[in-house]
Amino acid sequence: MRKYDSYKESGIDWIGKVPSNWEKWKISHAFSKIGSGTTPESGNPLYHHNGTINWLNTGDLNDSKLYTCSKKITEKAVEDYSSLKRYPSGSLVIAMYGATIGKTSIVQFETTTNQACCVFSESEIIDINFLFYWFKGHKEHIINLAVGGGQPNISQDILKGIRLYTPTFKEQNQIANYLDNKTTQIDNLINKKEQLIELLEEERIAIINQAVTKGLNPEAPMKDSGIEWLGDIPEHWEVWKISHAFKKLGSGTTPESGNPKYHSDGTINWLNTGDLNNGVLESCSKKITVDALEDYSSLKVYPAGSLVIAMYGATIGKTAIVNFETTTNQACCVFTDSDIIDIKFLQYWFTAKKEHIINLSVGGGQPNISQQILRNVRLGAPSFDEQLEIVEYLKDKESKFINLKNKLMNEIELLKEYKTALISEVVTGKVDVRNYKTEN
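**Some points on the sheet that holds strand 11 (residues 117-121)**
Reasoning step 1: As summarised here, the arrangement of the 5 strands in space is 4-11-8-9-6, forming an open sheet in which the pairing is mixed. Whereas interior strands pair on both sides, the edge strands pair on one side only; in this sheet they are strand 4 (33-35) and strand 6 (64-66). Averaged over all adjacent pairs, the angle separating strand axes in this sheet is 25 degrees, with direction ignored.
Reasoning step 2: With 3 bridges joining them, strand 4 and strand 11 adopt antiparallel strand pairing. Residue pairing for strand 11: Ile34 is matched across the bridge by Phe120.
Reasoning step 3: Contacting strand 6, strand 8 (92-95), strand 9 (104-107) and strand 11, helix 4 (residues 128-137) crosses the sheet at an angle of about 165 degrees to strand 9.

What follows is the structure in structure tokens.
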């Protein structure tokens, strides 16, 4: 790609050299309006009920143009809180802390914000789209300027103090247009690869479902399973109620939270649903003490090789075969010790029938499968030896799927890295895109 005719040192290590004719600007000197917002008293209907004024939170930011936000506040909130400012459409917003730190959007509507947003608007020096890309290309460096430990905070003062080099306003616009075109091309490639991953996952589930409900022999005579959502199964298969197939089926509990007697320097594995990985699990994130095991009779130790399924919460239906002895919390249901159902076969069966299992759940906001529901689940299964054949077949298929998925994920990661590097190179003038013609 083309370079500029001459360069000069920027004096900023992570920017390096910039084109000789580019000018240095402190952001606070380039924008007429830089500010933030606040959060009106939470739960007060005077400020939140039937609000008509957009109130942007960092969770709304999408690293692109933003056309709506999820929350609104009332006129009364704006009247009572002087720190609530209205920012015009076309403003640039960046998240200053929290999980979304460094995330940006150019809002396409007038809005107020909470205190975690910093807003830039009204500049005759820096094109807002150029600044958007500048922030995207230097996100890592900007976050490194943050202060604080557990929750780093970029702060308004840090952002206002940032210095950057820019060409003329017209050239900034050319750069932004170039990056609009190039990043769209890259994003389209990423989207196609993500769609391929989704299709691979659908195909994987279809193959698992076929194998664990119909077997490997397409010519096998079939019979009615007696289970409406399962349909026909091979004639020689038997239907088992899970509670009849497993000698040990149970859960656990949560010892008193924060009590060091139960949690400090624990040596006993204590599995939570957040650990589950839909595969084989080699370790868990938390441990409890011997005292916890002694004081809570509902804490059982389950052997290595047990299958665990999440009964509720964000991970509902997720599974893992644990390769270690463990206790669990109350959101886990554990299956172990069966001469009838192979544990890996059951995991594949749960994978194939996850949607149906979740549909059996009770509760509204947080559906709960419950142990009793799982105990009553019925499935069709062949002999133990045939289950092992099915498992080996599926392991081979899964290995190929995993290799393809990993290849696509690596390609996506490389495209994302290329996109960030390209943005950084262009907004710092390492390449000259002034004569670039937009590709359709």
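**Quick notes on the nonpolar core**
Reasoning step 1: Ranked by internal contacts, the top residues of the largest apolar core, which has 51 residues, are Phe120, Phe135 and Leu159.
Reasoning step 2: Among the secondary structure elements, those contributing two or more residues to this core are helix 1 (27-30), strand 8, strand 11, helix 4, strand 12 (163-166), helix 7 (169-214) and helix 14 (384-427).

**A word on helix 4**
Reasoning step 1: Along helix 4, 9 of the 10 residues are buried, which leaves the element largely enclosed by surrounding structure.
Reasoning step 2: Of the residues making up helix 4, those classed as buried are Ile128, Phe130, Leu131, Phe132, Tyr133, Trp134, Phe135, Lys136 and Gly137.
Reasoning step 3: Among the residues of helix 4, the N-terminal cap falls to Asp127, whose side-chain oxygen and the backbone nitrogen of Asn129 are separated by 3.0 Å.

**As for the pattern of salt bridges**
Reasoning step 1: If you walk through the whole model with that rule in mind, you get 13 salt bridges.
Reasoning step 2: For Asp80, the salt bridge identified is with Lys76, shortest N-O distance 3.5 Å. With Asp80 and Lys76 both in helix 3 (residues 75-80) and 4 residues apart, the pair spans about one turn of that helix.
Reasoning step 3: Judged by relative accessible area, Asp80 falls into the partly exposed class, the value being 37%.
Reasoning step 4: Relative accessible area serves as the criterion here: at 36%, Lys76 is assigned to the partly exposed category.
Reasoning step 5: Through salt bridges with shared partners, a single ionic network connects Arg2, Asp432 and Arg434.

**Remarks on unusual backbone geometry**
Reasoning step 1: Here the phi dihedral of Asn50 falls at roughly 55 degrees; this positive angle occurs in a residue that is not glycine.
Reasoning step 2: Summarising the element assignment, Asn50 is placed in the loop between helix 2 (45-48) and strand 5 (53-56).
Reasoning step 3: Under the relative-accessibility criterion, Asn50 is labelled exposed at 64%.
Reasoning step 4: The residue Asp337 is not glycine, and still its phi comes out positive at about 70 degrees.
Reasoning step 5: Along the polypeptide, Asp337 turns up in the loop between strand 23 (332-336) and helix 11 (343-352).
Reasoning step 6: Of the residues examined, Asp337 reaches a relative accessible area of 41% and is grouped as partly exposed.

**Things to note about the packing of aromatic side chains**
A ring pair, where both rings are aromatic, is described by two values, the distance of the centres and the angle of the planes.
Reasoning step 1: Counting across every chain of the model gives 14 aromatic pairs.
Reasoning step 2: With a centroid separation of 5.8 Å and 80 degrees between ring planes, the pair formed by Tyr4 and Trp22 is classed as edge-to-face. One end of the pair, Tyr4, is in the segment before strand 1 (7-9); the other, Trp22, is in the loop between strand 2 (17-19) and strand 3 (23-26), and 18 residues separate them in sequence.
Reasoning step 3: A ring pair is formed by Phe132 and Tyr133, whose centres lie 5.2 Å apart and whose planes are at 65 degrees; its orientation type is edge-to-face.
Reasoning step 4: The class for Phe132 is buried, based on a relative accessible area of 7%.
Reasoning step 5: Residue classification places Tyr133 among the buried positions, given a relative accessible area of 5%.
Reasoning step 6: Members of the aromatic cluster, connected to one another through ring pairs, are Trp14, Phe31, Phe120, Trp134 and Phe135.

Here is what the cut-offs are and how they apply
Residues numbered from 1 in each chain as written. Predicted model: local features only at pLDDT ≥ 70, side-chain atom pairs only at ≥ 80, totals over all residues. Heavy atoms only, no water. Pairing = 2+ DSSP bridges. Helix = DSSP H or I, 4+ residues; strand = E, 2+ residues; numbered from the N terminus. Axes fitted to C-alpha atoms, helices over the stretch in contact; angles between N-to-C directions. Contact = heavy atoms within 4.5 Å. Core = buried A, V, L, I, M, F, W, Y, C linked by side-chain atoms within 4.5 Å. Buried < 20%, exposed > 50% of the residue type's maximum accessible area, 1.4 Å probe, protein only. Polar contact = N/O pair within 3.5 Å; in protein donor to acceptor, adjacent residues only side chain to side chain. Salt bridge = Lys/Arg side-chain N within 4 Å of Asp/Glu carboxyl O. Phe/Tyr/Trp six-rings, centres within 6.5 Å; stacked < 30°, edge-to-face > 60°.

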